[in-house]
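Chains, contacts and geometry: an overview
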Amino acid sequence: MDSNRSSMVLLIVLLLTTIIYNTDAGSIGVNYGRIANNLPSAVNVVKLLKTNGITRVKLYDADPAVLRALAGSNISVTIDLPNELLPSAGRRRSFATAWVRDNVAAYYPETDIEAIAVGNEVFVDPHNTTKHLVPAMENLYDALVKKGLGSRIRISSPVALSALGASYPASAGAFREELVGPVFKPMLDFLHRTGSHLMVNAYPFFAYESNSDVISLDYALFRENPGVVDSGNGLRYLSLFDAQVDAVFAALARLGYHDMEIVVTETGWPSKGDQNEIGASVGNAAAYNGNLVRRILTGGGTPLRPQADLRVFLFALFNENRKFGPTSERNYGLFYPDETKVYDISFTVDGQRSNSNNNNNNNNRNNGGGVSKRTTVPVTEETWCVANVGAGREKLQAALDYACGEGGADCRRIQPGSPCYDPNTIEAHASYAFNSYYQKARRAMGSCDFEGAAYVVSQPPSMYLNACLYLF
């Protein structure tokens, strides 16, 4: 009887472990733009995606060669109905029906088309296509339903942050008043009715570039920083990305859509820019994208939506040499056209773990975040758990007591007379204890929180600069 009970307990533990480790903690995809004359074939691009563990891709059209190349790849695909086709799709059901037949049904399910982006940043389109957006979405959805695909393929439309009339602080987020009645309300009603999500393009780079005198670069790049407290709700933000996403969540809630999900369909950082494009560099691009990937894949939502598992598409797969505009527009790529990386980041949890091990073996602590393809130095992938000084002394002390007691952290080195006792501050001691607990838990998701008294950083913590945080 005892043996059977033990076997049953073991089976339950194994099942629970399987469930926990298969929980979707967010996912990373890439935008595959093709405004260039030197890119590899679609077949080679699919090989590149698979080699790098990238399982989602977003297109800016529905190119037949690309869709055929993606067939059987197990890569989920978001296709796009270009802005110039919105009037036709919005006015004529027959056009939408034919478009779905030729660009979706002809390839699905061999090509795993999971979503259709109807237009892109339509509200800033100079050709005044906004009025056609929702009718086009409705007609495309009806065409999917007729093909039996209405519950399998989602329809949405990527909006730029310029669609917000207010975005700071994040809690004040609100859509532009002139767009609410004519567009946002009917579009959000459609998304809610069809079980879809709002697509958002969010670029902390643009905000930093225009306001580098008041926005910290560390805050923009997910690096260690004291954070910014939202004056509206008291939440502390440790990254500009989270603040931008939460501004959209707040705007949705303001219109009554409290539970609508967001997919970030574009975000990125240029590796090169003109002289006036402040912050555009290889190191900053590697830091932003590398830290963002880690942030998404390790789970956890935003301060306003802590349970949200975000899906994020990096912009972009390649540097595209025929794009117009400033130099940065041609330098958002993760890869050069010859398929070598612009900087070395990984797109999977396993890849990041491997990079972290390589960094430990090489004793390479690279604050720059990345290098060009001509220098092979991996991006720093280590993380630490440090005290959130904004939590207050009482909360830090309670969390420290838990970590050193019931939590099982090794706190011997922060006792009087021990090597890590100095600096003798609650912040330093708490950081040591929190990090001991976090590292012993193998950096598991949720092991660095302590009810808001701690947070994860990806750069060596400046608040505790002796060797103590490197002992684990």
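Just so we're clear, the structure is a prediction, and the values are computed from it rather than from any experiment.

Looking at the protein chain, pLDDT values average 86 and 85% of them are 70 or higher. The low-confidence segment residues 5-24, where pLDDT is below 50, has 1 contact with residues more than four positions distant or belonging to other chains. The low-confidence segment residues 356-380, where pLDDT is below 50, has 54 contacts with residues more than four positions distant or belonging to other chains.

Attention shifts here to helix H11 (residues 282-297). Counted at 1.5 Å a residue, the expected span for H11 with its 16 residues is 22 Å, and the 22 Å between its end C-alpha atoms agrees. With 15 of 16 residues buried, H11 lies mostly within the body of the structure. Note on H11: the residue one or two positions beyond its end, Gly-299, has a positive phi of about 85°.

For the rest of this paragraph, the subject is the sheet that holds strand S2 (residues 56-59). An order of S5-S4-S3-S2-S1-S13-S12-S9-S6 is seen for the 9 strands of this open sheet, with the pairing classed as parallel. Of all the strands in the sheet, just strand S5 (154-156) and strand S6 (159-160) have a single pairing partner and so form its edges. Two strands pair when backbone bridges link them, and S2 and strand S3 (residues 76-81) are joined in this way by 3 bridges, in the parallel orientation. Along S3, the bridge assignment pairs Val-57 with Val-77.

This brings us to empty space enclosed by the protein. What the rule picks out here adds up to 3 cavities of 30 Å³ or more. In this model, the second largest cavity occupies a volume close to 40 Å³. Thr-78, Glu-114, Ala-115, His-197, Met-199, Val-263, Thr-265, Arg-311 and Phe-313 are the residues that line the second largest cavity. Contributing elements (two or more residues each) for the lining of the second largest cavity: strand S4 (113-118), strand S12 (262-267) and strand S13 (311-314). Along the lines of polarity and charge, the residues of the lining of the second largest cavity split into 4 nonpolar, 3 polar and 2 charged.

Another aspect to go through is the packing of aromatic side chains. To describe a pair of aromatic rings, one takes the distance between the centres and the angle between the planes. One pass over the structure, following the stated rule, counts 19 aromatic pairs. Ring centres of Phe-205 and Trp-269 lie 5.1 Å apart, and the angle between their planes is 70°; on these two criteria the pair is classed as edge-to-face. Here Phe-205 is found in helix H8 (residues 204-210), whereas its partner Trp-269 is found in the loop between S12 and H11, with 64 residues between them in sequence. Like Trp-269, Phe-205 is buried. Chaining the aromatic ring pairs together yields one cluster made of Tyr-203, Phe-205, Phe-206, Tyr-208, Phe-222, Phe-241, Trp-269, Tyr-288, Phe-315 and Tyr-332. The ring of Tyr-32 is capped by Arg-34, whose NZ or CZ atom sits 5.8 Å from the centre of that ring.

This part covers the state of the cysteines. Here, the word disulfide means a covalent bond between the sulfur atoms of two cysteines. As enumerated under the stated definition, the model contains 2 disulfides in all. Put simply, Cys-385 and Cys-448 are joined by a disulfide, and their sulfur atoms are 2.0 Å apart. For the disulfide bridge between Cys-385 and Cys-448, the dihedral angle about the S-S bond is near 85°, and by the sign convention the bridge is right-handed. Taken as a pair, Cys-385 in strand S14 (residues 384-387) and Cys-448 in the loop between helix H14 (426-440) and strand S15 (454-457) lie far apart in primary sequence, 63 residues in all.

So, on to the side chain of Gln-244. Structurally, Gln-244 can be placed in helix H10 (residues 240-254). Residue Gln-244 is classed as buried on the basis of its relative accessible area, which comes to 11%. Residues contacting Gln-244, with those up to four places away along its chain left out, are Leu-161, Ala-202, Tyr-203, Pro-204 and Ala-207.

Further remarks concern the pattern of salt bridges. Evaluation of the coordinates by the stated rule reveals 13 salt bridges. Note that Lys-341 and Asp-344 form a salt bridge whose closest N and O atoms lie 3.4 Å from each other. Overall, the relative accessible area of 23% leaves Lys-341 in the partly exposed class. On the accessibility criterion, Asp-344 (25% relative accessible area) is partly exposed. A cluster of three or more residues bridged by salt bridges with shared partners is formed by Arg-34, Asp-61 and Asp-63.

Definitions and cut-offs
- Residues numbered from 1 in each chain as written.
- Predicted model: local features only at pLDDT ≥ 70, side-chain atom pairs only at ≥ 80, totals over all residues.
- Heavy atoms only, no water.
- pLDDT = per-residue confidence, 0-100.
- Contact = heavy atoms within 4.5 Å.
- Helix = DSSP H or I, 4+ residues; strand = E, 2+ residues; numbered from the N terminus.
- Expected span 1.5 Å × (residues − 1).
- Buried < 20%, exposed > 50% of the residue type's maximum accessible area, 1.4 Å probe, protein only.
- Pairing = 2+ DSSP bridges.
- 1 Å grid on protein atoms, 1.4 Å probe; cavity = no way out; pocket = protein on both sides within 12 Å on 5 of 7 lines; lining within 4 Å.
- Points joined across faces, edges and corners; volume = space filled by probe spheres on them.
- Nonpolar A, V, L, I, M, F, W, Y, C, P; charged D, E, K, R; others polar.
- Phe/Tyr/Trp six-rings, centres within 6.5 Å; stacked < 30°, edge-to-face > 60°.
- Lys NZ or Arg CZ within 6 Å of the ring centre and 35° of its normal.
- Disulfide = S-S within 2.5 Å.
- Salt bridge = Lys/Arg side-chain N within 4 Å of Asp/Glu carboxyl O.

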